[in-house]
Every structure is written in C-alpha cells, then in structure tokens.
Amino acid sequence: MRARLKLRRHAAVLALSLISLAGVACKAEEGAKVASSEGEQAPAFETRDLAGEGVALADLEGKVVLLNVWATWCKPCVAELPVLADLHRDLEPKGFTVVGLNADVRTKLPAVRSMVAEQSLPFPIWLDAGGQAQTTFKLNGYPTSFLIDRHGRIRWKREGVILRNDPELAAMLEAVLAEG
C-alpha cells in the first residue's frame, strides 16, 4: 500500500514537471497579459483545418482575426468557446472572424470534432497537432488569443479566458474594425 502511494506521488511530480517543462498550462484567469509585440506582424503560420485542407494566416489578410489557441482538455478554453462563437456571429458581417487553433494531439481529433459539433461552433477550426504554435506564437498557456488586424499585425493578446462583454477586447475590436 505504501509503495503504491509513493509511486503515485512520484508519477504526479513527474507529470507536473513535464507540464512545466512544456511551458504550456491551462490558464483560467482573465487578462493575464497583453502583447508586448503589439503592432508586429503576425508570424507566418500554415496548418490544416478539420477537413484536412491547407490553411494559412496570410490567407486571412483583409479580415480582422481573433486567433484563439485552445485544447479540449482545458476547461477554461472550453468555457470560452460560446463567447467566441457569439463574437464571430455578431461581427462576421464587419469583416471579422474567429479562428480556433486546436492544440490537441492527433489521437484526440474525434474529441475535437465532437466538441465542435456539440457547441455548434460557427468559426473555422484549425489543427496544431504537432505543436508548432507553441514556438511560433511563444505560448505560455491555453487559452491564448491574438487579435490580428486587416494588415496582419498583432494588435492585442490575451493569455487567459475571454469573458462575455470583455471591455478591453471590445475597445480593441471597435478600434481595429473601424480602421477599415
């Protein structure tokens, strides 16, 4: 019994260490950090969508994009999906789109598809099963969102949850959408 308990403790410590080394955790707090790279070009990023089609951030130039990096195992990520869906529906006529960049491993693809269907997500879902986004966007945790203007510049970043009627995001969206 003691040996089993000791083994469980070691396994828990190892799991926490691996999460720390990976540098990615699930962040529930709102407004953890604003981008220090404000105004910088968004990095070139290409991947596949749920249908297996090639997609790229560069293809969205001319639109205002909220790139949201999320995972099915991240409860705060899942909790904000309806908020993102409403933002997408409300602002799409103004040239806005949410892109959900899912960070789950390939074996979780059925869970990703199921979640997208259950939540009736109206925005595109891109896949990052290889973990490219972690390095490309210098992620510290999930969810992380980037507001990218029509010219491909990062204008705002949030490490943590976007809440309904978020005043900081609303102000940035209004300004960026008005730029035309």
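What you are looking at is a predicted structure, and each value in this text was computed from that prediction instead of being measured.

Draft legend 1. Representation of the overall build of the protein chain within the structure. Broken down by element type, the protein chain carries 5 helices and 9 strands. Ordered by position in the sequence, the α and β elements of the protein chain form the string α-β-β-β-β-α-β-α-β-α-β-β-β-α. Per-residue burial over the protein chain gives 45% buried out of 180 residues. Contacts in the protein chain between residues at least 24 apart in sequence constitute 77% of all its contacts with a sequence separation of at least 6.

Draft legend 2. Main features of the sheet that holds strand β3 (residues 54–56). Spatially, the 7 strands line up as an open sheet ordered β3-β2-β6-β5-β4-β8-β9, and their pairing is mixed. Both outer strands of the open sheet, β3 and β9 (154–159), are each paired with one neighbouring strand and no more. On average, adjacent strands in this sheet sit at an angle of 30° to one another, irrespective of strand direction. Pairing of strand β4 (residues 64–70) with strand β5 (residues 96–102) involves 7 bridges; the strand directions are parallel. Along β5, the bridge assignment pairs N68 with G100.

Draft legend 3. Geometry of the packing of aromatic side chains. Inspection of the entire model under this criterion finds 3 aromatic pairs. Seen from their ring centres, W73 and Y142 are 5.7 Å apart, and the 65° between their planes marks the pair as edge-to-face. Of this pair, W73 sits in the loop between β4 and α2 (75–91) while Y142 sits in strand β7 (residues 141–142), and the two are 69 residues apart along the sequence. Ring geometry for F137 versus F146: centroids 5.1 Å apart, planes at 40°, classification tilted. Of the two residues, F137 and F146, neither departs from the other in class, the shared state being buried. Put simply, the rings of F45, F137 and F146 touch in pairs and so form one group of aromatic residues.

Draft legend 4. Highlighting the nonpolar core. In terms of nonpolar packing, the biggest core is built from 49 residues, with L57, L66, L67, F96, I125 and L147 touching the most fellow members. Among the elements of the structure, β4, α2, β5, α3 (109–118), β6 (125–127), β8 (144–148), β9 and α5 (167–178) are those that each provide at least two residues to this core. If near-sequence neighbours (up to four positions away) are discounted, L67 is found in contact with L57, V99, L101, F137, T144, S145, F146 and I148.

Draft legend 5. Geometry of α3. Listed as buried for α3 are V112, M115 and V116. Looking straight down α3, one finds its buried side chains confined to an arc of 100°; they lie on one side. Every exposed residue of α3 that faces more than 90 degrees away from the buried side is listed here: P110, A117 and E118. Looking at the packing, one finds that the buried side of α3 touches β4, α2, β5 and β6.

Draft legend 6. Fine view of the side chain of D104. Looking at where D104 falls in the secondary structure, it is placed in the loop between β5 and α3. One buried charged side chain, D104, makes no salt bridge at all; its nearest oppositely charged neighbour is K108, positioned 6.0 Å away. Separated by 2.8 Å, the side chain of D104 and the backbone nitrogen of T72 make a polar contact. A polar side-chain atom of D104 sits 2.7 Å from a polar atom in the side chain of N102. Setting aside residues no more than four positions away along its own chain, D104 makes contact with A71, T72, W73, V112, D128 and A129.

Conventions and cut-offs
Residues numbered from 1 in each chain as written. Predicted model: local features only at pLDDT ≥ 70, side-chain atom pairs only at ≥ 80, totals over all residues. Heavy atoms only, no water. Helix = DSSP H or I, 4+ residues; strand = E, 2+ residues; numbered from the N terminus. Buried < 20%, exposed > 50% of the residue type's maximum accessible area, 1.4 Å probe, protein only. Contact = heavy atoms within 4.5 Å. Pairing = 2+ DSSP bridges. Axes fitted to C-alpha atoms, helices over the stretch in contact; angles between N-to-C directions. Phe/Tyr/Trp six-rings, centres within 6.5 Å; stacked < 30°, edge-to-face > 60°. Core = buried A, V, L, I, M, F, W, Y, C linked by side-chain atoms within 4.5 Å. Arc of directions from axis to C-beta. Lys, Arg positive; Asp, Glu negative; His and termini not counted. Salt bridge = Lys/Arg side-chain N within 4 Å of Asp/Glu carboxyl O. Polar contact = N/O pair within 3.5 Å; in protein donor to acceptor, adjacent residues only side chain to side chain.

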